[in-house]
Amino acid sequence: MRIVLQRVKQASVTVGGQIVGKINHGLLLLVGVTHDDTDDDARVLAEKIPNLRIFEDDEQKMNLSLIDVGGEVLSVSQFTLYGDTRKGRRPSFIGAAKPTYARALYEAFNEKLREKGLTVETGEFGAMMDVSLINDGPVTLILDTKEWLK
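The following refers to the structure shown. All of these numbers come straight from a predicted model, not from anything done at the bench.

Focus: the nonpolar core
Counting residues in hydrophobic clusters, the biggest one holds 27 residues, and the most contacted among them are Ile3, Leu5, Leu29, Ile49 and Phe109. Every element with two or more residues in this core is listed here: strand 1 (2-15), strand 3 (26-32), helix 1 (39-48), helix 3 (99-115) and strand 8 (130-144). Counting 12 residues, the second-largest nonpolar core is a separate cluster that includes Leu30, Leu74, Val76 and Leu81.

Next comes the structure, spelled out in structure tokens:
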């Protein structure tokens, strides 16, 4: 699994002019799933993300986690994270998992975050979504379980 994580002051997802997910202070997660991802990938990310010390303490040092600051999560499925631009001018998305498989793992990941006591809002899987955010910092990280679970 691959996630682009952004620390945000607020974020929302709109589908067809209607807000389907909205958070205040916390993390926007753009979540991509590839063919050989498993429940282990979802579990590792769900354990790592809430405990990353990427929020500032009173001395402006990144010493606090999402849990420490009582932050929320907006999780948005993002198959384009597996876009391959090495050849030609149009990206290939063959690296992205098929929708049925990707949806199941994406939903399992979100449920694992909720089991940690987090408020998790989502977009609408497979829909054309407008994502709005106010970046905090900005702080943006890329998490890829293929780099961790080699």
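Describing unusual backbone geometry
Cis geometry is found at the peptide bond from Gly137 to Pro138, where omega equals 0°. Relative to the helices and strands, Pro138 resides in strand 8. At Gln60, a position not held by glycine, the phi torsion is positive, near 60°. Here Gln60 shows up in the loop between strand 4 (55-56) and strand 5 (62-64).

Overview of the layout of surface pockets
Estimates place the volume of the largest pocket at around 340 Å³. It is helix 3 that provides the largest number of residues to the lining of the largest pocket, a total of three residues. Here the residues of the lining of the largest pocket are counted per class, giving 14 nonpolar, five polar and no charged.

Here we look at the side chain of Asp41
For Asp41, the position within the fold is in helix 1. On the basis of relative accessible area, Asp41 is assigned to the buried category, the value being 4%. In this structure the side chain of Asp41 is engaged in a polar contact, spanning 2.8 Å, whose partner is the backbone nitrogen of Thr38.

Some remarks on the environment of Thr14
Along the chain, Thr14 turns up in strand 1. The exposure class assigned to Thr14 is buried, which follows from its relative accessible area of 17%. Along the sequence, Thr14 and Glu47 sit 33 residues apart, while their C-alpha atoms lie 28 Å from each other. The contacts of Thr14, once residues within four sequence positions are left out, are Ile19, Met128, Met129 and Asp130.

Section: the packing of aromatic side chains
Under the definition given, this model contains two aromatic pairs. Ring geometry for Tyr106 versus Phe125: centroids 6.0 Å apart, planes at 40°, classification tilted. Of this pair, Tyr106 sits in helix 3 while Phe125 sits in the loop between strand 7 (120-122) and strand 8, and the two are 19 residues apart along the sequence. Per residue, the accessibility class of Tyr106 equals that of Phe125, and both read buried.

Some points on the pairing of strand 3
Burial runs high along strand 3: seven of the seven residues are buried. Strand direction decides the pairing type here: strand 1 and strand 3, joined by seven bridges, are antiparallel. Within strand 3, the residue paired with Leu5 across the bridge is Leu29. Alignment of strand 3 against strand 6 (residues 72-77), held across six bridges, turns out to be parallel. Each bridged residue has a counterpart across the sheet, and for Leu29 the counterpart in strand 6 is Ser75.

Some details on the pattern of salt bridges
Under the counting rule described, the total for this entry stands at 10 salt bridges. The closest approach of N and O atoms between Lys146 and Asp41, which form a salt bridge, is 3.2 Å. Of the two residues, Lys146 is situated in helix 4 (residues 145-148) and Asp41 in helix 1; the sequence distance between them amounts to 105 residues. Across the pair Asp84 and Arg86 runs a salt bridge whose closest N-O atoms are separated by 2.6 Å. Take Asp84: its relative accessible area is 26%, and that puts it in the partly exposed class. Overall, the relative accessible area of 74% leaves Arg86 in the exposed class. Connected via shared salt-bridge partners are Asp36, Asp37, Asp41 and Lys146.

Cut-offs and rules
Residues numbered from 1 in each chain as written. Predicted model: local features only at pLDDT ≥ 70, side-chain atom pairs only at ≥ 80, totals over all residues. Heavy atoms only, no water. Core = buried A, V, L, I, M, F, W, Y, C linked by side-chain atoms within 4.5 Å. Buried < 20%, exposed > 50% of the residue type's maximum accessible area, 1.4 Å probe, protein only. Helix = DSSP H or I, 4+ residues; strand = E, 2+ residues; numbered from the N terminus. 1 Å grid on protein atoms, 1.4 Å probe; cavity = no way out; pocket = protein on both sides within 12 Å on 5 of 7 lines; lining within 4 Å. Points joined across faces, edges and corners; volume = space filled by probe spheres on them. Nonpolar A, V, L, I, M, F, W, Y, C, P; charged D, E, K, R; others polar. Polar contact = N/O pair within 3.5 Å; in protein donor to acceptor, adjacent residues only side chain to side chain. Contact = heavy atoms within 4.5 Å. Phe/Tyr/Trp six-rings, centres within 6.5 Å; stacked < 30°, edge-to-face > 60°. Pairing = 2+ DSSP bridges. Salt bridge = Lys/Arg side-chain N within 4 Å of Asp/Glu carboxyl O.

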